[in-house]
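Take a look at the letters that make up each chain.
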Amino acid sequence: MKEKQPFSRLVRMFGSNELSNKSVTVNKTETKNNEQVNNMLYRIQKCNTVPEEVKNTLITFEVDGTPLGKLLPDFAQRLSLTPIFDLDSSNRKLSLTPEAGTSCEERTEAVHEIMKQLNEEGLIKAWRDEMLPLTSRFDIEPLLLIERAAAAYFGAIQYGVHINGYVRTDDGETMIWMARRSKDKSKYPGMLDHIVAGGMPFGISPTDNVVKECEEEAGIPRNLVLEKLRSVGGISYEYLDELGCMSRSVIFCYDLELPVDFVPKPVDGEVDEFFLWDYEQLCDSMSPDYHDPIKPNCYLVKIDYLLRMGYITPESPQYLDVLREYAVAIATDG
């Protein structure tokens with residue numbers, strides 16, 4: 001079979017003015033697509049990469065022989081100075097001593113007292129007064145609970161829900177609701193975010209958590225959420241966060257189509273404002289030097305959305321590279 005000639009070669013062979021004009025348009029489009037895909041690759045890698053020199057020093061936190069976290073050596077060393085933690089430096093393992101107790105409740109209380117002490121010392125920042133479960137899998141009982149602010153210091157897997165809120169305009173265009181985080185937030189103040197997102201506290205299901213967060217953060221009525229909410233999968237990632245901690249998370253992703261005349265409103269002070277973006281604006285925000293960037297982990301969820309909506313297709317340059325990098329971020333809590 002005769003090999004099909006690339007479009008650019010056909011232009012040179014036939015010399016058609018019409019084809020030449022189309023070629024200019026195609027080349028400009030390809031250049032922009034290349035740039036957009038490169039930017040997406042940058043955002044994926046930025047939020048899902050741990051340097052090898054850091055990986056090789058991490059300390060595994062275990063409870064009853066079950067790995068629950070990955071700590072940086074300095075923090076593990078600090079914990080080993082307390083009576084409830086034991087550090088085995090040769091095997092790079094941190095465990096609880098018998099003094100911490102054997103039940104979930106006893107361990108939770110013992111660890112919480114140490115975390116409060118470290119918070120008072122200024123070592124653990126952004127205290128939340130919200131307890132998260134430490135477990136090897138999402139669907140099993142926790143071995144202990146830990147203050148949310150301390151979870152990243154332990155490199156524990158945290159769970160959350162992220163919602164892509166969108167509307168379909170009368171002319172068929174899809175617009176995406178974005179939020180600006182409050183300037184008073186302890187992490188990523190003033191940065192752009194999803195319309196709604198939140199961590200998974202202990203004792204609530206993901207769907208119930210979405211309903212709660214939608215009501216609290218954006219004033220979206222419960223009945224509207226339950227009618228239009230669609231679970232679309234999940235992602236996971238790990239990277240060194242802005243505090244120098246091992247941030248490891250599994251995010252449950254949802255799509256929520258909202259009525260075109262519905263306008264979300266800040267309710268609990270977590271958000272300063274909401275506004276609409278089109279696909280072009282969302283893609284532009286992927287640029288490494290974008291003037292008003294989105295919170296880092298939200299980029300992964302937005303790229304997942306663009307893939308599912310077909311905005312990034314096999315015809316896009318480096319499509320397989322995006323899939324390959326993104327595949328590393330497909331959800332796992334192992």
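The model shown is predicted, which means the values in this text are computed figures rather than measured ones. (Residues numbered from 1 in each chain as written. Predicted model: local features only at pLDDT ≥ 70, side-chain atom pairs only at ≥ 80, totals over all residues. Heavy atoms only, no water.)

Overview of unusual backbone geometry
Here is step 1 of the chain: At Asp64, a residue that is not glycine, the phi angle is positive and equals roughly 55°.
Here is step 2 of the chain: Secondary-structure assignment places Asp64 in the loop between β1 (59-63) and β2 (66-71).
Here is step 3 of the chain: The backbone of Ala126 sits at a positive phi, close to 60°, despite the residue not being glycine.
Here is step 4 of the chain: Following the sequence through the fold, Ala126 ends up in the loop between α5 (104-120) and β5 (131-134). (Helix = DSSP H or I, 4+ residues; strand = E, 2+ residues; numbered from the N terminus.)

Looking at the environment of Ala150
Here is step 1 of the chain: Within the secondary structure, Ala150 sits in helix α6 (residues 148-151).
Here is step 2 of the chain: Judged by relative accessible area, Ala150 falls into the buried class, the value being 0%.
Here is step 3 of the chain: Counting along the chain gives 19 residues from Ala150 to Met131, while the straight-line C-alpha distance between them is 9.6 Å.
Here is step 4 of the chain: The contact partners of Ala150, leaving out residues within four places of it in the chain, are Met115 and Ile124. (Buried < 20%, exposed > 50% of the residue type's maximum accessible area, 1.4 Å probe, protein only. Contact = heavy atoms within 4.5 Å.)

With respect to the confidence of the model for the chain
Here is step 1 of the chain: For the chain, the mean per-residue pLDDT works out to 87, and 88% of the residues sit at or above 70.
Here is step 2 of the chain: Segment residues 1-28 is flagged for pLDDT under 50; beyond a separation of four residues in sequence, or across chains, it makes 11 contacts in the model. (pLDDT = per-residue confidence, 0-100.)

Quick notes on the pattern of salt bridges
Here is step 1 of the chain: Under the defined criterion, the tally for this structure stands at 21 salt bridges.
Here is step 2 of the chain: Between Arg148 and Glu130 there is a salt bridge; the shortest N-O distance is 3.4 Å. Taken together, the positions of Arg148 in helix α6 and Glu130 in the loop between α5 and β5 put the pair 18 residues apart, joining distant regions of the chain.
Here is step 3 of the chain: Residue Glu213 pairs with Lys212 through a salt bridge whose shortest N-O separation is 3.2 Å.
Here is step 4 of the chain: Accessibility expressed as a relative area gives 9% for Glu213, which makes it buried.
Here is step 5 of the chain: Linked through salt bridges whose partners overlap, the residues forming this network are Arg230, Asp255, Asp304 and Arg308. (Salt bridge = Lys/Arg side-chain N within 4 Å of Asp/Glu carboxyl O.)

A closer look at the packing of aromatic side chains
Here is step 1 of the chain: Tallied over the entire structure, the rule returns 14 aromatic pairs.
Here is step 2 of the chain: Ring plane angle 65° and centroid distance 5.0 Å describe the contact between Phe138 and Phe252, whose orientation is recorded as edge-to-face. Of this pair, Phe138 sits in the loop between β5 and β6 (144-147) while Phe252 sits in strand β12 (residues 246-257), and the two are 114 residues apart along the sequence.
Here is step 3 of the chain: The structure contains a cluster of three or more aromatic residues connected by ring pairs, namely Phe61, Phe75, Phe85, Tyr153 and Phe154. (Phe/Tyr/Trp six-rings, centres within 6.5 Å; stacked < 30°, edge-to-face > 60°.)

Side note on the sheet that holds β1
Here is step 1 of the chain: Taking strand neighbours across the sheet as the criterion, the 4 strands line up as β2-β1-β4-β3 in an open arrangement whose pairing is mixed. Of all the strands in the sheet, just β2 and β3 (85-88) have a single pairing partner and so form its edges. In this sheet, adjacent strand axes meet at a mean angle of 25° when their direction is disregarded.
Here is step 2 of the chain: One ladder, built from 5 bridges, connects β1 with β2; its direction is antiparallel. Within β2, the residue paired with Phe61 across the bridge is Gly69. (Pairing = 2+ DSSP bridges. Axes fitted to C-alpha atoms, helices over the stretch in contact; angles between N-to-C directions.)

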